[in-house]
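Structure assessment
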Amino acid sequence: MKRILTLLIFILLALSLQSWGFFAHRKINEYAIYTLPIEMAVFFKKNSYTLTERAINADKRVYVDSNEAVRHYIDLDRHKDPIDSLMIPWFKIKQRQNQQDILRKGIVPWQVQLTYQKLTQAFIDKNSKRIIHYAADLGHYVADTHVPLHTSSNYNGQFSDQIGIHGLWESRLPELYFHSYNLWVGKPQYVDKVSDMAWQAVLTSHALVDSVLSLEQELTAANSLLFKKAYVLRNHMIHYSYSETFCEQYHNALNGMVERQIRASIKAVSSLWYSAWIDAGQPDLKDLPLRDVENQDSPILPE
Ligand SMILES: [Zn+2]
């Protein structure tokens, strides 16, 4: 029993380091559904529970598939080659000698493109199970490209004495302040080049890394540990974590960054769902059966 508990705690801790927290991932997929045109909205709303619940499946797969982890990030700071030279299709990366090295540094921009292609094919096939599967996954990977710390090797402040900042930025702050965000982002827009969009998202996120780290550092330097950490109630459990006062000051210092990144995630997710449907020839989704929920866990993993 003790071993199971230890394992459970380890998994929970590790999951908290993966990407937007579960809460934000679910909300991003949920709010993306609200933006869709009527031709798509009926099917997506019918499946909204599954789409939001499965927004976090990609993170869960990390523990059963050793290839999964690299699909959620890209350590731009570890690349010696100019970033422009990486903005090419994955099949061309595969022809490079340093392909394994590129893979190890994270592949989220390519994963977005691959999942987009899978979703487009699912729409062409009018396969409701695959549509939901890939739409949920695409929502996840696209959202990950909007998290600054997913574009840096110092993803949890481990090199700058800021361990825990990953969860603070992407889980704690959204959970505390989500109610105050304006997340109505308007209609989706057709995306001409998915690869450009994915790269633009990671580059924009990467430009924010410095602020994410330095603002936390400044606040920490200006205050005592007593102010920074406290026992807080979260998800019905007591944790020793960042105090609400510290969270509030950090959130204020970030000046709307978390809200802007969540808004950008929602807009990107809905635009890519919409574009995949357009690229598939705008199939009629009205008559698609509800997904067979019983069989949803059969793996359909990207190659
Ligand atoms: Zn992730």
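Residues numbered from 1 in each chain as written. Predicted model: local features only at pLDDT ≥ 70, side-chain atom pairs only at ≥ 80, totals over all residues. Heavy atoms only, no water.

**A word on the overall build of the protein chain**
- Helix and strand counts for the protein chain come out as 14 helices and two strands.
- Across the 303 residues in the protein chain, those meeting the buried criterion constitute 50%.
- The long-range share in the protein chain, meaning contacts at least 24 apart out of those at least 6 apart in sequence, stands at 78%. (Helix = DSSP H or I, 4+ residues; strand = E, 2+ residues; numbered from the N terminus. Buried < 20%, exposed > 50% of the residue type's maximum accessible area, 1.4 Å probe, protein only. Contact = heavy atoms within 4.5 Å.)

**Things to note about unusual backbone geometry**
- Of note, Lys126 is a non-glycine position whose phi angle comes to about 50°, a positive value.
- By the secondary structure assignment, Lys126 is in the loop between helix H8 (108–125) and helix H9 (128–144).
- A positive phi angle, close to 55°, is found at Asp161, a residue other than glycine.

**A look at empty space enclosed by the protein**
- Counting across every chain of the model gives one cavity of 30 Å³ or more.
- Broken down by element, the residue count for the lining of the largest cavity peaks at three residues, all from helix H11 (residues 194–222).
- Split by residue class, the lining of the largest cavity holds seven nonpolar, two polar and no charged. (1 Å grid on protein atoms, 1.4 Å probe; cavity = no way out; pocket = protein on both sides within 12 Å on 5 of 7 lines; lining within 4 Å. Points joined across faces, edges and corners; volume = space filled by probe spheres on them. Nonpolar A, V, L, I, M, F, W, Y, C, P; charged D, E, K, R; others polar.)

**Observations concerning the nonpolar core**
- Within the largest apolar cluster, 77 residues are counted, with the highest numbers of intra-cluster contacts made by Phe44, Phe123, Tyr250 and Trp273.
- Mapped by element, the contributors of at least two residues to this core are helix H2 (22–34), helix H3 (38–46), H8, H9, helix H10 (165–177), H11, helix H13 (244–254) and helix H14 (257–279).
- Beyond its immediate stretch of four places on either side in the chain, Phe44 contacts Ile33, Leu36, Leu51, Phe123, Ile131, Ala135 and Trp273. (Core = buried A, V, L, I, M, F, W, Y, C linked by side-chain atoms within 4.5 Å.)

**Thoughts on H11**
- For H11, spanning 29 residues, the distance from its first C-alpha to its last is 43 Å, which sits close to the expected 42 Å at 1.5 Å a residue.
- The sharpest bend along H11 comes to roughly 35°, located at Leu208. (Expected span 1.5 Å × (residues − 1). Bend = angle between axes of the 7 residues up to and from the residue.)

**Here's the deal with the packing of H8 against H14**
- With their axes 8 Å apart at the nearest point, H8 and H14 run at an angle of 50° to one another. Judged on the interaxial angle alone, H14 and H8 are oblique. When you trace H8 past H14, the crossing you get is right-handed. Together, Val112, Tyr116, Leu119, Thr120 and Phe123 of H8 and Leu272, Trp273, Ser275, Ala276, Trp277 and Asp279 of H14 make up the contact between the two elements.
- Tallied by class, the residues present in the contact of H8 with H14 amount to eight nonpolar, two polar and one charged. (Axes fitted to C-alpha atoms, helices over the stretch in contact; angles between N-to-C directions. Parallel < 35°, antiparallel > 145°, perpendicular 65-115°, else oblique. Left-handed = near helix turned anticlockwise from the far one by under 90°.)

**Focus on the packing of aromatic side chains**
- Per the stated rule, a full pass over the model turns up 16 aromatic pairs.
- A ring pair is formed by Trp110 and Trp199, whose centres lie 5.3 Å apart and whose planes are at 85°; its orientation type is edge-to-face. Taken together, the residues span a long stretch of sequence, with Trp110 in helix H8 and Trp199 in helix H11 at a distance of 89 residues.
- Accessibility expressed as a relative area gives 3% for Trp199, which makes it buried.
- Between the aromatic rings of Tyr231 and Tyr240, the centroid separation amounts to 5.0 Å while the plane-to-plane angle is 45°, which identifies the pairing as tilted. (Phe/Tyr/Trp six-rings, centres within 6.5 Å; stacked < 30°, edge-to-face > 60°.)

**Regarding the pattern of salt bridges**
- A complete count under the given rule lists ten salt bridges for this structure.
- For Asp75, the salt bridge is made with Arg78, and the minimal N-O distance between the two is 3.1 Å.
- Its relative accessible area of 8% is what places Asp75 among the buried residues.
- Overall, Arg78 belongs to the partly exposed group, its relative accessible area being 37%. (Salt bridge = Lys/Arg side-chain N within 4 Å of Asp/Glu carboxyl O.)

**Overview of a nonpolar patch on the surface**
- Together, Leu225, Tyr231, Leu233, Ile238 and Tyr240 give the surface a local cluster of nonpolar side chains, amounting to about 650 Å² of exposed area.
- Every element with two or more residues in the nonpolar patch is listed here: strand S1 (229–234) and strand S2 (237–242).
- Under the relative-accessibility criterion, Leu225 is labelled exposed at 57%. (Patch = residues over 30% accessible without salt bridge, like charges linked within 9 Å, V, L, I, M, F, W, Y side chains within 5 Å. Areas by Shrake-Rupley, 256 points an atom, 1.4 Å probe, with all protein chains shown as cover.)

**What about the environment of Ser180?**
- Residue placement: Ser180 occurs in the loop between H10 and H11.
- Judged by its relative accessible area of 47%, Ser180 is partly exposed.
- On a C-alpha basis, the gap between Ser180 and Glu259 in space is 9.0 Å, while along the polypeptide they are 79 residues apart.
- From its side chain, Ser180 meets the backbone oxygen of Tyr177 in a polar contact 2.7 Å long. (Polar contact = N/O pair within 3.5 Å; in protein donor to acceptor, adjacent residues only side chain to side chain.)

**Thoughts on the confidence of the model for the protein chain**
- The predicted model of the protein chain averages 90 in pLDDT, with 89% of residues at 70 or higher.
- Counting contacts from residues 9–18, a segment whose pLDDT is below 50, to residues more than four positions away or on other chains yields 17 contacts.
- For the stretch residues 292–303, pLDDT sits under 50, and the model shows 18 contacts to residues farther than four places along the chain or on other chains. (pLDDT = per-residue confidence, 0-100.)

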